[in-house]
Amino acid sequence: MSERFKKLYTCHQPVSINESLSPLVSRVGFKQYSPQKRKRFGVKVWALVDSVSTYLKWFDIYQGAGTSMRQGLGLGGSVIYEMLEKAEMLNKNHVVICDRFFTSTQLALQLLERQTHLVGTVRSNRHRYPSKRLKFARKAARGSTKHVKTTSAPLLYAMNYQDRKPVLMLASINPSRDPRFRKRTVVRRRAKQSALHIPSPTIRNFYNTYMGGVDRVDQCRNYGMIRIKQLRRYYLQIMFYVLDAVIHNARVLYNETRSTEAEQLPTIEFRKQLVRELCPHVFDGSPVFAAEGEHASQSQTTQPQATQTDDISLRIHPDTSFDHEHTNSHMACPVMHQTTVSATPTHTTHHTPVYMKRRVCTHCKNKSKTVSIGCHGCGVSLHIPSGTDPTNVTTSCWSKYHTCETT
């Protein structure tokens, strides 16, 4: 899928690389623990994102400590170099923005050899980083900065910015010529005190503007993320992540082709429109699965016309065979309650099997075997034999309930 992503879009100059965590509860060897995340356990995904449009250009799933690394770069540097190489973004004068997990002096030098620049925060103990030369002689005021740069090519800029804590940065490009990032002040609000205006250097402004690409992708994915509670199959969770990424990139490409901002769609509206176009039967009242040999015109006459709504339900034709043991118990559907029940099973639209909330069977009351299928007209949950027409099996809870039999 990443191969398709890189062919469909040309990124702007600034791109950001960071990690993303897809929540996971199953037991798998490459599941990661991140205590600072809201969902602490999940699959770690390395993501390369366009910092301007938030297009997901490339992603890789971290598979554990056995990942190959380039000599002298470590894990973080190897991830950046290999992702840029796979996405064919080297030698194109891109600017990579990353955090201190990835940034190092060796990585900046190797990227400069491939005509690619680096801007990011850095750890003080990185090899060949001049952290001692950047230390202030005494405790500095907030907003103080100290710069160090190389005297010969290749040019690297190291900076120590004093905010509440020292912030060390490394850059192989100087964005001071751009008027958008010239030195300005930022406001720090304090409880029961006046706001504090702190000078902000150019490199820090550039970093704060373009670093949040991956976080914005995660934010857009969370608006309509495919969620299945307590999903145990890790490969399904990875598949849902890829599907969410496809939908997000499709929205970015759709908005890029719109001439005015009014024609662009936010995430939720785009997903709703996508469902309307891919699943028109959800809104026009036609069945999802029709019986073999049945024409669409016949199925439309047996199904009531549904009004256009955002509550999407899955309708199943009464003559359709299905396995209720392998269905999703979290599909919700509207139930029209019927006060009277016919004495014999019927094939009318009022008595059709639909997905409902998993609960105890109304007929047998067996609490050890809950069921997620029920009657659309009666609004009750009933056991249905798998792979058969429920109305033709006289021993099922469905037939006994609708024929008023007792066990």
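Residues numbered from 1 in each chain as written. Predicted model: local features only at pLDDT ≥ 70, side-chain atom pairs only at ≥ 80, totals over all residues. Heavy atoms only, no water.

A. Examining the overall build of the chain more closely. Along its length, the chain carries 10 helices and 13 strands. Sorting the 407 residues of the chain into buried and exposed places 44% on the buried side. Put simply, 55% of the contacts in the chain that link residues at least 6 apart link residues at least 24 apart. When the accessible surface of the chain is split by element, carbon and sulfur atoms take 51% of a total near 23100 Å². (Helix = DSSP H or I, 4+ residues; strand = E, 2+ residues; numbered from the N terminus. Buried < 20%, exposed > 50% of the residue type's maximum accessible area, 1.4 Å probe, protein only. Contact = heavy atoms within 4.5 Å. Areas by Shrake-Rupley, 256 points an atom, 1.4 Å probe, with all protein chains shown as cover.)

B. Examining the side chain of Ser2 more closely. Locating Ser2 in the fold gives a position in helix H1 (residues 2–8). A polar contact is formed between the side chain of Ser2 and the backbone oxygen of Phe59, at a distance of 3.1 Å. In this structure, Ser2 is in contact with Lys57, Trp58 and Phe59, ignoring residues within four places of it in sequence. (Polar contact = N/O pair within 3.5 Å; in protein donor to acceptor, adjacent residues only side chain to side chain.)

C. Spotlight on the packing of aromatic side chains. Under the counting rule described, the total for this entry stands at 10 aromatic pairs. Aromatic pair Tyr9 and Tyr55: ring centres 4.5 Å apart, planes at 25°, arrangement stacked. Linking Tyr9 in the loop between H1 and strand E1 (14–23) with Tyr55 in the loop between strand E3 (41–50) and strand E4 (56–61), this pair joins segments that are 46 residues apart in sequence. With 5.9 Å between their ring centres and 70° between their planes, Phe59 and Tyr241 make a pair best called edge-to-face. Residue Phe59 is found in strand E4, and its partner Tyr241 is found in helix H6 (residues 234–256); the two are separated by 182 residues along the sequence. In this structure, Phe59 and Tyr241 share a single accessibility class: buried. Following the ring pairs from residue to residue traces out a cluster consisting of Phe5, Tyr9, Tyr55, Phe59 and Tyr241. Cation over ring: Arg70 sits above Tyr81, and NZ or CZ is 4.0 Å from the ring centre. It is Arg258 that lies over the ring of Tyr254; its NZ or CZ is 4.3 Å from the centre. (Phe/Tyr/Trp six-rings, centres within 6.5 Å; stacked < 30°, edge-to-face > 60°. Lys NZ or Arg CZ within 6 Å of the ring centre and 35° of its normal.)

D. Fine view of helix H4 (residues 202–210). Of all nine residues in H4, seven are buried, a share of seventy percent or more. Restricting attention to buried positions, one finds in H4 the residues Thr202, Ile203, Arg204, Asn205, Phe206, Tyr207 and Tyr210.

E. Local environment of the packing of helix H5 (residues 213–223) against H6. Look at H5 against H6: their axes get within 10 Å of each other, and the N-to-C directions meet at 105°. Between H5 and H6, the angle falls in the class roughly perpendicular. Taking contact as the criterion, the partners of Val217, Cys220 and Arg221 in H5 are, on H6, Tyr241, Asp244, His248 and Arg251. (Axes fitted to C-alpha atoms, helices over the stretch in contact; angles between N-to-C directions. Parallel < 35°, antiparallel > 145°, perpendicular 65-115°, else oblique.)

F. How the structure looks around the pairing of strand E13 (residues 371–375). Of all five residues in E13, five are buried; the element is thus mostly enclosed. As defined by bridge partners, strand E12 (residues 353–359) adjoins E13 across four bridges and the pair is classed as antiparallel. Across the sheet, residue Val354 finds its bridge partner in E13, namely Gly374. (Pairing = 2+ DSSP bridges.)

G. The nonpolar core, seen in detail. Counting residues in hydrophobic clusters, the biggest one holds 46 residues, and the most contacted among them are Leu48, Ile80, Leu84 and Leu111. Residues in contact with Leu48, not counting those within four places in the same chain, are Val15, Ser16, Ile17, Tyr55, Leu56, Lys57, Trp58, Met83, Leu84 and Met89. Among the nonpolar cores identified, the runner-up in size contains 15 residues, and Tyr161, Ala171, Tyr207 and Tyr210 belong to it. (Core = buried A, V, L, I, M, F, W, Y, C linked by side-chain atoms within 4.5 Å.)

H. Spotlight on the side chain of Thr54. Tracing the sequence through the fold places Thr54 in the loop between E3 and E4. In this structure, Thr54 is in contact with Val49, Arg216, Val217, His248 and Val252, ignoring residues within four places of it in sequence.

I. The environment of Gln106, seen in detail. Mapped onto the fold, Gln106 is located in helix H3 (residues 105–113). Relative accessible area serves as the criterion here: at 17%, Gln106 is assigned to the buried category. Spatially, the C-alpha atoms of Gln106 and Arg126 are 9.5 Å apart, while their sequence positions differ by 20 residues. Residues contacting Gln106, with those up to four places away along its chain left out, are Gly72, Leu73, His127 and Arg128.

J. Up close: unusual backbone geometry. A positive phi angle is found at Arg128, which is not glycine, with a value near 70°. Mapped onto the elements of the fold, Arg128 is located in the loop between strand E6 (117–121) and strand E7 (145–149).

K. Local environment of the pattern of salt bridges. Under the definition given, this model contains seven salt bridges. Put simply, Glu3 and Lys6 hold a salt bridge, and the shortest N to O gap is 3.1 Å. Placement of both Glu3 and Lys6 in helix H1 is noted, with a separation of three residues, approximately one turn of the helix. Judged by relative accessible area, which is 40%, Glu3 ranks as partly exposed. Given a relative accessible area of 14%, Lys6 falls into the buried group. Between Asp244 and Arg271 there is a salt bridge whose closest N-O contact spans 3.2 Å. Placement of Asp244 in helix H6 and of Arg271 in helix H7 (residues 267–278) is noted, with a sequence separation of 27 residues between them. Take Asp244 and Arg271: they sit in the same class, and that class is buried. One continuous salt-bridge network, built from bridges that share partners, spans Glu3, Lys6 and Glu88. (Salt bridge = Lys/Arg side-chain N within 4 Å of Asp/Glu carboxyl O.)

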